[in-house]
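Now for the letters of each chain:
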Amino acid sequence: MTPWHYEDEMCWIADCEACDVPMVVWRHHGPTPPPPSVARMLEHLARVATSQFGAGEYVIDQTMRQIPEHFHAHARRVWRGFNR
């Protein structure tokens, strides 16, 4: 089972089964939650991502690739590459 990090009446946050990063999912079905709801969900996701990756070590990706009809967003770790 995938780890769950947060849930309330609006959303839940768990690790994405496809890409293994924290993902927030709106409990209501549809692609466009009201802007205040999006802001609240992204705040929760940022808190979880900061706890897992560290401040400034992730980006929020709101592109809904595989499930475009249901709002969700991922917190993806920043790839910094290697300095030589």
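Just above sits the structure.
A short tour of the structure in this document, coming up. Sequence order sets the numbering: in each chain, residues are counted from 1 along the sequence as written. Per-residue local features are limited, in this predicted model, to residues with pLDDT of at least 70; the limit for side-chain atom pairs, both in listing and counting, is 80 or more; totals at the level of whole chains, interfaces and linings are taken over all residues. Remark: hydrogens and water are excluded; side-chain values derive from all non-hydrogen atoms of the structure.

1. Things to note about the overall build of the protein
Reasoning step 1: Only DSSP runs of H or I with at least four residues qualify as helices, and only runs of E with at least two residues qualify as strands; both kinds are numbered from the N terminus onward. In terms of regular secondary structure, the protein is built from one helix and five strands.
Reasoning step 2: Listed by position from the N terminus, the elements making up the protein come as β-β-β-α-β-β.
Reasoning step 3: In terms of overall size, the protein behaves like a compact globule, its C-alpha atoms giving a radius of gyration of 13 Å where 84 residues would be expected to give roughly 12 Å.
Reasoning step 4: In terms of its C-alpha atoms, the protein occupies a principal-axis envelope of roughly 45 × 30 × 25 Å.
Reasoning step 5: Three exposure classes are used, based on accessible area relative to the maximum for each residue type with a 1.4 Å probe and protein chains only: buried under 20%, partly exposed in between, and exposed over 50%. The 84 residues of the protein split such that 39% are buried. Each radius of gyration reported is based on C-alpha atoms, and the globular scaling rule is 2.2 Å times the count of residues to the power 0.38.

2. Concerning the nonpolar core
Reasoning step 1: What we call a nonpolar core is a set of buried Ala, Val, Leu, Ile, Met, Phe, Trp, Tyr and Cys residues that are connected through their side-chain atoms within 4.5 Å. Residues V24, M41, L45, F71 and A73 are the most contacted members of the largest nonpolar core, which totals 17 residues.
Reasoning step 2: At the level of elements, β2 (11-15), β3 (22-26), α1 (35-53) and β5 (72-77) are the ones that each hand at least two residues to this core.
Reasoning step 3: Counting residues per element, this core draws most heavily on α1, at seven residues.

3. Topic: the packing of aromatic side chains
Reasoning step 1: Stacked, tilted and edge-to-face are the three classes assigned to paired rings of Phe, Tyr and Trp, where Trp is represented by its six-membered ring and a pair needs centres within 6.5 Å; plane angles under 30 degrees give stacked, over 60 edge-to-face, the rest tilted. By the definition in use, this model includes one aromatic pair.
Reasoning step 2: Between the aromatic rings of W4 and W12, the centroid separation amounts to 4.6 Å while the plane-to-plane angle is 35°, which identifies the pairing as tilted.
Reasoning step 3: Under the relative-accessibility criterion, W4 is labelled partly exposed at 45%.

4. Some words on α1
Reasoning step 1: To estimate how far a helix should reach, multiply one less than its number of residues by 1.5 Å. Given a rise of 1.5 Å per residue, 19 residues ought to cover 27 Å, and the 26 Å separating the end C-alpha atoms of α1 matches this to within 8%.
Reasoning step 2: Where α1 is concerned, the buried positions are S37, V38, M41, L42, H44, L45, V48, A49 and F53. Projected onto a plane normal to the axis of α1, the buried residues spread over an arc of 160° and lie on a single side. Along α1, exposed side chains directed more than 90 degrees from the buried face belong to P36, E43 and S51. By construction, the arc corresponds to the directions joining the helix axis to the C-beta atoms.

5. Some points on the pattern of salt bridges
Reasoning step 1: Salt bridge, as used here: a side-chain nitrogen of Lys or Arg that lies within 4 Å of a carboxyl oxygen of Asp or Glu. According to the stated counting rule, one finds five salt bridges in the structure shown.
Reasoning step 2: Note that R27 is salt-bridged to E7, the shortest N-O span being 2.7 Å. Residue R27 is located in the loop between β3 and α1, and its partner E7 is located in strand β1 (residues 4-7); the two are separated by 20 residues in the primary sequence.
Reasoning step 3: For the salt bridge of R40 with D8, the shortest nitrogen-to-oxygen distance reads 2.9 Å. One end of the pair, R40, is in helix α1; the other, D8, is in the loop between β1 and β2, with 32 residues separating them in the sequence.
Reasoning step 4: Its relative accessible area of 13% is what places D8 among the buried residues.
Reasoning step 5: One salt-bridge network, in which partners are shared between bridges, spans D8, E9 and R40.

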